[in-house]
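Coordinate analysis (summary)
Listed here are the chains, written in short residue letters.
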Amino acid sequence: MTPEHSFSQELSSCLVARLPDSFYDRVEEGSIMPKKSNGFSFTDNGLILDDDARALLETDVVILATGYKGDEKLKSIFKSPIFQRCIIGSSDFSVPLYRYYLLASLAIIGYPGSGSNLYTSEMMCRWLAHLLDNGFKLPSMMEMEKDVLKWERYMKQYSGKHYRRSCIAVLHIWYNDQLCKDMGCNPKRKKGFYAELFQPYGTMDYADVTPARC
């Protein structure tokens, strides 16, 4: 259960664990048994881990915490090896998505991770709807490439080896500001100077971000 990454990398890479109430109490009493292994086999009464073939773990429920690799999911969309190489890029670079979800004329809603993915995806949908409604124009290809590289430098600096996870959790408000500016909306959504400084931002602050109201 001890993480191998720093706290900064955890926040910047969306590696923060969300656990149910009394999880650690259940671990201490033995009713929940966290185990890490390269493989396992089921038996009639539980399972055997490849890393410890001598021990039988008697279990009622097995939860497979295998993780999620978004870049591999994107790769599997395409059948052509050429397209797969284009979407994934090399292992030294992040997936080349403008605003973290646009590749040329392909919009991939929900790709970047955040503290609330539904909230993030809704803002992406609003941005895309505004774009399709000719509410604004995309910048040149060169400008979009510069923006992608800027994101990549940030992720490499703060997320370390997890930079390909495409997490915007730490920069969520800044990210929404960019989407608002693209749509011609005021990124400052609060009413008043002090509210802008001290009140937290949430979903209702962007409820009226629509092409008709910007």
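Preceding this paragraph is the structure being described.
Numbers given for residues are sequential positions, taken from 1 along each chain in its written order. Two thresholds apply to this predicted model, a pLDDT of at least 70 for residue-level local features and 80 or more for giving and counting side-chain atom pairs, whereas whole-chain, interface and lining totals are computed over all residues. Excluded from the side-chain calculations are hydrogens and water; all other atoms, namely the structure's heavy atoms, are used.

**Details of empty space enclosed by the protein**
Lining residues are defined by having an atom within 4 Å of a point belonging to a cavity or pocket. Those points lie on a 1 Å grid over the protein atoms alone, cavities being sets where a 1.4 Å probe fits but cannot get out and pockets being open sets with protein on both sides within 12 Å along at least five of seven lines. Grid points are joined across faces, edges and corners, and a volume is the space filled by probe spheres set on the points. The final tally for this structure, using the stated rule, is 1 cavity of 30 Å³ or more. The calculated volume of the largest cavity comes to roughly 30 Å³. Every residue lining the largest cavity is listed: S94, V95, Y100, Y111, R164 and S166. Considering only residue class, the lining of the largest cavity consists of 3 nonpolar, 2 polar and 1 charged. Put simply, Ala, Val, Leu, Ile, Met, Phe, Trp, Tyr, Cys and Pro go in the nonpolar bin, Asp, Glu, Lys and Arg in the charged bin, and everything else, Gly too, in the polar bin.

**Concerning the nonpolar core**
For the purposes of this section, nonpolar cores are sets of buried Ala, Val, Leu, Ile, Met, Phe, Trp, Tyr and Cys residues that join through side-chain atoms within 4.5 Å. Note on classification: 1.4 Å probe, protein chains only; a residue is buried when its accessible area is under 20% of the maximum for its type, exposed when over 50%, partly exposed between these limits. Among the nonpolar cores identified, the biggest contains 26 residues, and W127, Y175, M183 and Y206 are the most heavily contacted of them. Listed by contribution, the elements that provide at least two residues to this core are α5 (117-132), α6 (141-159) and α7 (172-183). Here a strand is any run of E in DSSP of at least two residues, a helix any run of H or I of at least four, and the numbering for each starts at the N terminus. Examining the composition of this core, we find that 6 residues originate from one element, α5, more than from any other.

**Quick word on the packing of aromatic side chains**
For Phe, Tyr and Trp, rings pair up if their centres lie within 6.5 Å, where Trp contributes its six-membered ring, and each pair is then called stacked (planes under 30 degrees apart), edge-to-face (over 60) or tilted (otherwise). If you walk through the whole model with that rule in mind, you get 9 aromatic pairs. Residues F23 and Y24 carry aromatic rings whose centres are separated by 5.4 Å and whose planes lie at 80° to one another, so their mutual orientation is edge-to-face. Y24 gets classed as exposed once you look at its relative accessible area, which sits at 51%. An aromatic cluster is present here, built from W151, Y154, W174 and Y175 joined pairwise through their rings. Charge over a ring is defined by NZ of Lys or CZ of Arg lying within 6 Å of the ring centre and within 35 degrees of the ring normal. Sitting over the ring of Y201, K190 keeps its end group 5.0 Å from the ring centre.

**Focus on helix α4 (residues 81-88)**
Turning to α4, its buried residues number three or more, namely Q84, I87 and I88. Buried residues of α4, viewed axially, fall in a sector of 90°; they line one side. The exposed set on the far side of α4, more than 90 degrees from its buried face, consists of I82 and R85. Contact definition: two residues touch when any of their heavy atoms are within 4.5 Å. On its buried side, α4 packs onto α3 (70-77) and β4 (102-103). Note that the arc is computed from the directions linking the helix axis to the C-beta atoms.

**Re the environment of Q84**
By secondary structure assignment, the location of Q84 is in helix α4. As for Q84 and Y98, which are separated by 14 residues in sequence, their C-alpha atoms are 17 Å apart. For Q84, the residues in contact, after removing those within four places along its chain, are K75, F78 and K79.

**Structural notes on the environment of G135**
Mapped onto the elements of the fold, G135 is located in the loop between α5 and α6. When the C-alpha positions of G135 and D182 are compared, they lie 9.1 Å apart, and in sequence the two are 47 residues distant.

**Concerning the packing of α3 against α4**
To get an axis, fit a line to the C-alpha atoms, keeping to the stretch in contact for a helix; angles then go from 0 to 180 degrees between the N-to-C directions. For the pair α3 and α4, interaxial distance at closest approach is 8 Å and the crossing angle is 155°. In terms of orientation, α3 and α4 fall into the roughly antiparallel class. Crossing geometry of α3 relative to α4 is assigned as right-handed. Counting all contacts with α3, which are made through D71, E72, L74 and K75, the residues of α4 involved are Q84, I87 and I88. Of the residues assigned to the contact of α3 with α4, the class counts are 3 nonpolar, 1 polar and 3 charged. Angular relationships are summarised with four words: roughly parallel below 35 degrees, roughly antiparallel beyond 145, roughly perpendicular across 65 to 115, and oblique for the angles in between. Each helix crossing is assigned a hand: it is left-handed if the near helix lies turned anticlockwise from the far helix by less than a right angle, otherwise right-handed if that turn is clockwise.

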